[in-house]
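# Close look at the chain arrangement
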Amino acid sequence: MASANKPINTDVPEKDVFALHFLQSLSNLRRQNTFNSPEKTNDRVKKIKKVAYVSMARAAGGTNRLWSRALLRRAAKENNKVVRFPRRKKRVTCLRRRRSNRRDPVEEEEAERLRNLVPGGGGMEISKLMEETAHYIKCLSMQVKVMQCLVDGLAPK
């Protein structure tokens, strides 16, 4: 539990940025006053979820990661906005010839499942997919920790 005498652990550098963006966005949602009736609970859940993902993508550096760009594009598309990100320079790498061009079908199937889970993972090669997945999981766990601190701080004692 977060308390006055126990500081919040900020070992993840994006945690403070995420918390700031998330709280500001929640405050903006509250000011809009669109959630007065109990029938709109589903809408409130969807908007809070969207705010949490956009805040996480912005805290992760916005356009630095493929998954964060995918989340920001998805959010802009839902708001009927067009978002263009600057093109990134492609790295030139030397490719070693593989002994076999065939991949293990089980490995490819698992990679495809992972591509479906990570936003923007559709066209990634396996090594980049693993790197993006690791960062995405780190940011999701950071998001959970910040939200848990908020719940603990707002819960009646």
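Residues numbered from 1 in each chain as written. Predicted model: local features only at pLDDT ≥ 70, side-chain atom pairs only at ≥ 80, totals over all residues. Heavy atoms only, no water.

As annotated in an unreviewed UniProt entry, the protein carries the name IBH1-like N-terminal domain-containing protein and is attributed to Brassica carinata. For the protein, the Subcellular location (unreviewed entry) comment in UniProt is given as "Nucleus". (UniProt positions renumbered as here; feature names shortened; annotations may be inferred.)

Its location among the elements puts Thr133 in helix 5 (residues 126-154). Ignoring anything within four residues of it in the chain, the contact list for Thr133 reads Leu114 and Val118. (Helix = DSSP H or I, 4+ residues; strand = E, 2+ residues; numbered from the N terminus. Contact = heavy atoms within 4.5 Å.)

As a further point, take the nonpolar core. One finds Phe18, Met56, Trp67, Leu71, Tyr136, Cys139 and Met142 to be the most contacted residues of the largest nonpolar core, which totals 23 residues. Only helix 1 (15-32), helix 2 (41-59), helix 3 (66-78), helix 4 (105-117) and helix 5 provide two or more residues apiece to this core. Counting residues per element, this core draws most heavily on helix 5, at six residues. Not counting chain neighbours up to four residues away, the residues in contact with Met56 comprise Phe18, Trp67, Leu71, Tyr136, Cys139, Leu140, Met142 and Gln143. (Core = buried A, V, L, I, M, F, W, Y, C linked by side-chain atoms within 4.5 Å. Buried < 20%, exposed > 50% of the residue type's maximum accessible area, 1.4 Å probe, protein only.)

A separate point is the packing of aromatic side chains. For the structure on display, the rule yields two aromatic pairs. Measuring from ring centre to ring centre gives 5.4 Å for Phe18 and Phe22, while their planes differ by 10 degrees; the resulting arrangement is stacked. Residue Phe18 and its partner Phe22 are both found in helix 1; the two are separated by four residues, about one turn of the helix. Residue Phe18 shares its accessibility class with Phe22, and that shared class is buried. (Phe/Tyr/Trp six-rings, centres within 6.5 Å; stacked < 30°, edge-to-face > 60°.)

Another point: the packing of helix 1 against helix 5. Two numbers describe how helix 1 lies on helix 5: the axes approach to 10 Å, and their chain directions differ by 60 degrees. Comparing their axes, helix 5 and helix 1 come out oblique. In this structure, helix 1 meets helix 5 at a crossing whose hand is right-handed. Across the interface between the two elements, Lys15, Phe18, Ala19, Phe22 and Leu23 of helix 1 pack against Met142, Gln143, Lys145, Val146, Met147 and Leu150 of helix 5. By residue class, the composition of the contact of helix 1 with helix 5 is eight nonpolar, one polar and two charged. (Axes fitted to C-alpha atoms, helices over the stretch in contact; angles between N-to-C directions. Parallel < 35°, antiparallel > 145°, perpendicular 65-115°, else oblique. Left-handed = near helix turned anticlockwise from the far one by under 90°. Nonpolar A, V, L, I, M, F, W, Y, C, P; charged D, E, K, R; others polar.)

On to the pattern of salt bridges, then. Using the criterion set out here, one finds eight salt bridges in the structure. As a salt-bridge pair, Lys128 and Glu132 come within 3.4 Å of each other at their nearest N and O atoms. With a gap of four residues between them, Lys128 and Glu132 both fall in helix 5, about one helical turn apart. By relative accessible area, which is 22% here, Lys128 ends up partly exposed. Because the salt bridges share partners, they merge into one network encompassing Arg65, Lys128, Glu131 and Glu132. (Salt bridge = Lys/Arg side-chain N within 4 Å of Asp/Glu carboxyl O.)

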